[in-house]
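A structural walkthrough
This is what each chain is made of:
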Amino acid sequence: MQGFEVLFESIEFLLIAGIVLLLAYLALEAKDIVYAAFFFGLMASVVAGFFLLLEAPFIAGMQIAVYTGGISALIIFGVLLLPRAQDSSLEVLPTGRARNVGLLLSGVVVALSATLAFVFPWYETFDESVVAISQDLQALAEWLWSGHGVYVQIIALTILVTLVGAIEIMKMEKAERLSPLKADFGIEAEPEPETGLEKTEKDEEDVPDPEEADNE
Amino acid sequence: MIPLSWYLVMAFMLIGLGIYGMVTKRSLIRILISAEIIGNGVNIALVAFAIYNPVYSYVGQGLIILVISVAAAHTALAMVLMLMYHRRYHTVDLGVPIAREVHSNE
């Protein structure tokens, strides 16, 4: 019975791994960028399967909520907001050289790290004298919320700082467009491109006032 | 139980795929997706380490929660930067401003 369970778990692992790798590849190579974002969302939700296999259900839930529900939705909204990003015909495909460099680099990283994963005696570094803590959700919640609230506070602060930073960047960009920021940062805004529609003072003088024209 | 090395190999494969995407792609959105794929690989490795080593089980899980939240935050920031890039250069292709600069120098 034990052997059957191990076999079943291994098959489950290999199945999830295959799906994740396929979806990750599709997220990178899908022609349409919107489909790529959808594939990424699917990949993130299948990765949660690994966490369930590892008996970490809270992390699996968080993975689905944040990655699938948050990040991939954010990427899709971003794509929809950027009109030039949606047009896949504008995308420049990698040259053969760039592709080779990428394959070589990722191959080296995967080969070296996989060798390390198989050769390094991980189990000897773990302290086996300590009794394994059960992976139940309630104990984790108690540990996280009552004992180590600092984690939650750091998360809250990080998200707050990011939101403030994002809003501030947007405001800075708007201010830069409206008036040059010479005094504060020593940078000067790029001049607005000349469209030929700007009114000069001379033009304004030449144009007669419509009311005066009517009186005459 | 599945050996730890299987999870690590899986994590490194995802990291390798992400690196491939980051090196070859020129679209900012693809690069962001590649970064997220790398992040997912790192998460798998971290959770596997945390679960297989009982001493750091809860610390590891707490760390993962932190990492996932930071990933969400940095994606939001990256989207803002991408929006600004698009407004300035009217494209999401990384090579275009470089090409324009080379052209203007000539």
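The numbers attached to residues start from 1 for each chain and follow its sequence in the written order. Chains carry letters from A onward and ligands carry numbers from 1 onward, assigned in written order. Since the coordinates come from a predicted model, pLDDT governs what is reported: local features require at least 70, and pairs of side-chain atoms require 80 or more to be given and counted, while whole-chain, interface and lining totals use all residues.

Quick notes on the overall build of chain A
Stated formally: Under the DSSP-based scheme used, a helix requires at least four consecutive residues in state H or I and a strand at least two consecutive residues in state E, with every element numbered from the N terminus. Exposed residues have 12 or fewer other C-beta atoms within 10 Å of their own C-beta, buried residues have 20 or more, and partly exposed residues fall in between, where C-beta atoms are placed from the backbone. Two residues qualify as being in contact provided that their C-beta atoms, derived from the backbone, are within 7 Å of each other.
Each helix and strand in chain A was counted, giving 11 helices and 0 strands. If you list the helices and strands of chain A from N to C, you get α-α-α-α-α-α-α-α-α-α-α. Within chain A, the proportion of its 216 residues that are buried is 17%. The contacts in chain A between residues at least 6 apart in sequence include a share of 46% that link residues at least 24 apart.

Looking at the overall build of chain B
Going by this rule: A radius of gyration in this sense is built from C-alpha atoms; the matching globule rule multiplies 2.2 Å by the number of residues raised to 0.38.
What chain B contains, in helices and strands, is 4 helices and 0 strands. In chain B, the succession of helices and strands from N to C terminus is α-α-α-α. Relative to a compact globule of 106 residues, whose C-alpha radius of gyration would be 13 Å, chain B shows 18 Å and is clearly more extended. In terms of principal-axis extent, the alpha carbons of chain B reach across some 60 × 25 × 15 Å. Evaluated residue by residue, chain B yields a buried proportion of 55% over its 106 residues. A separation of at least 24 residues holds for 48% of the contacts in chain B among residues at least 6 apart in sequence.

What about the domain arrangement of chain A?
This is how the line gets drawn: Note that domain bounds follow an automatic or database assignment of domains.
When cut into domains, chain A gives domain 1 (1–89) and domain 2 (136–186). Taking only C-alpha atoms, the centre of domain 1 of chain A and the centre of domain 2 of chain A are 26 Å apart.

Side note on the confidence of the model for chain A
This is how the line gets drawn: As a per-residue measure, pLDDT tells how confident the predictor is, with possible values from 0 to 100.
Across chain A, pLDDT averages 78, with 75% of residues at or above 70. The element-level mean pLDDT for chain A is lowest in helix α10 (residues 201–206) of chain A, coming to 52, with helix α2 (residues 33–53) of chain A highest at 92.

Description of the interface of chain A and chain B
As a reminder of what qualifies: Ten residue types, Ala, Val, Leu, Ile, Met, Phe, Trp, Tyr, Cys and Pro, are classed as nonpolar, four, Asp, Glu, Lys and Arg, as charged, and the remainder, Gly among them, as polar.
The interface of chain A with chain B comprises 72 residues on the first partner and 65 residues on the second. Counting only elements with at least two residues in the side of chain A that touches chain B, the list comes to α1 (2–29), α2, α3 (57–81), α4 (83–86), α5 (96–119), α7 (137–147) and α8 (149–178) of chain A. Among the residues making up the side of chain A that touches chain B, the classes are represented as 53 nonpolar, 12 polar and 7 charged.

So, unusual backbone geometry
With a phi close to 60°, Glu55 of chain A is a non-glycine residue in the positive phi region. Mapped onto the fold, Glu55 of chain A is located in the loop between α2 and α3. With 14 C-beta atoms packed within 10 Å, Glu55 of chain A lands in the partly exposed category. A positive phi angle, close to 55°, is found at His90 of chain B, a residue other than glycine. Take His90 of chain B: it is sitting in the loop between α3 (57–89) and α4 (95–105).

Topic: the packing of α1 of chain A against helix α2 (residues 28–52) of chain B
When two helices pack together, their arrangement is given by the angle between the helix axes and the distance between those axes. For clarity, the threshold we go by: Note on geometry: axes are lines fitted to C-alpha atoms, helical ones only across the stretch in contact, with angles between N-to-C directions running from 0 to 180 degrees. The cut-offs work like this: below 35 degrees is roughly parallel, past 145 is roughly antiparallel, 65 to 115 is roughly perpendicular, and the gaps in between are oblique. We call a crossing left-handed when the near helix sits turned anticlockwise from the far one by less than a right angle, and right-handed when that turn is clockwise.
Where α1 of chain A meets α2 of chain B, the axes come as close as 9 Å, and the angle between the chain directions of the two elements is 160°. Relative to α2 of chain B, the element α1 of chain A lies roughly antiparallel. Helix-helix and strand crossings are classified by hand; for α1 of chain A and α2 of chain B the assignment is left-handed. Every residue of α2 of chain B that contacts α1 of chain A at Ala24, Ala27 and Leu28 of chain A is listed here: Arg30, Ile33, Ser34 and Ile37 of chain B. Looking at side-chain class alone, the contact of α1 of chain A with α2 of chain B contains 5 nonpolar, 1 polar and 1 charged residues.

Describing the packing of α2 of chain B against α3 of chain B
Residues and elements named next belong to chain B. As a packed pair, α2 and α3 sit with axes 9 Å apart at the nearest point and diverge in direction by 175°. Classed by the angle they form, the pair α2 and α3 counts as roughly antiparallel. Along its contact with α2, which presents Leu28, Leu32, Glu36, Gly39, Asn43, Leu46, Val47, Phe49, Ala50 and Ile51, the element α3 presents Ser57, Gly60, Gln61, Leu63, Ile64, Val67, Ile68, Ala71, Thr75, Ala78, Met82 and Tyr85. Per-class residue counts for the contact of α2 with α3 are 15 nonpolar, 6 polar and 1 charged.

Here we look at the confidence of the model for chain B
Averaged over all residues, the pLDDT of chain B is 86; the fraction at 70 or higher stands at 99%. Of the two predicted TM-score estimates for the complex, the pTM is 0.79 and the ipTM is 0.90.

Regarding the environment of Val66 of chain A
Here Val66 of chain A is to be found in helix α3. A residue is classified by how many C-beta atoms lie within 10 Å of it, and Val66 of chain A, with 18 of them, is partly exposed. Taking the C-alpha atoms as reference points, Val66 of chain A and Val92 of chain A, 26 residues apart in sequence, are found 30 Å from one another. If we ignore the near neighbours within four places in the chain, the residues touching Val66 of chain A are Ile71 of chain A together with Ile68 and Ala72 of chain B.

Description of the environment of Phe77 of chain A
Summarising the element assignment, Phe77 of chain A is placed in helix α3. In this structure the C-alpha to C-alpha distance between Phe77 of chain A and Val119 of chain A, which are 42 residues apart in sequence, comes to 44 Å.

Focus: the nonpolar core
Rules: Here, a nonpolar core means buried Ala, Val, Leu, Ile, Met, Phe, Trp, Tyr and Cys residues linked by C-beta atoms lying within 7 Å of one another.
Within the largest apolar cluster, 66 residues are counted, with the highest numbers of intra-cluster contacts made by Ala27 and Met43 of chain A together with Ile44, Val47 and Ala48 of chain B. Mapped by element, the contributors of at least two residues to this core are α1, α2 and α3 of chain A together with α1 (4–24), α2 and α3 of chain B. Broken down by element, this core gets its largest block of residues, 14 residues, from α2 of chain B. If we ignore the near neighbours within four places in the chain, the residues touching Ile44 of chain B are Val47 and Phe50 of chain A together with Tyr7, Met10, Ala11 and Leu14 of chain B.

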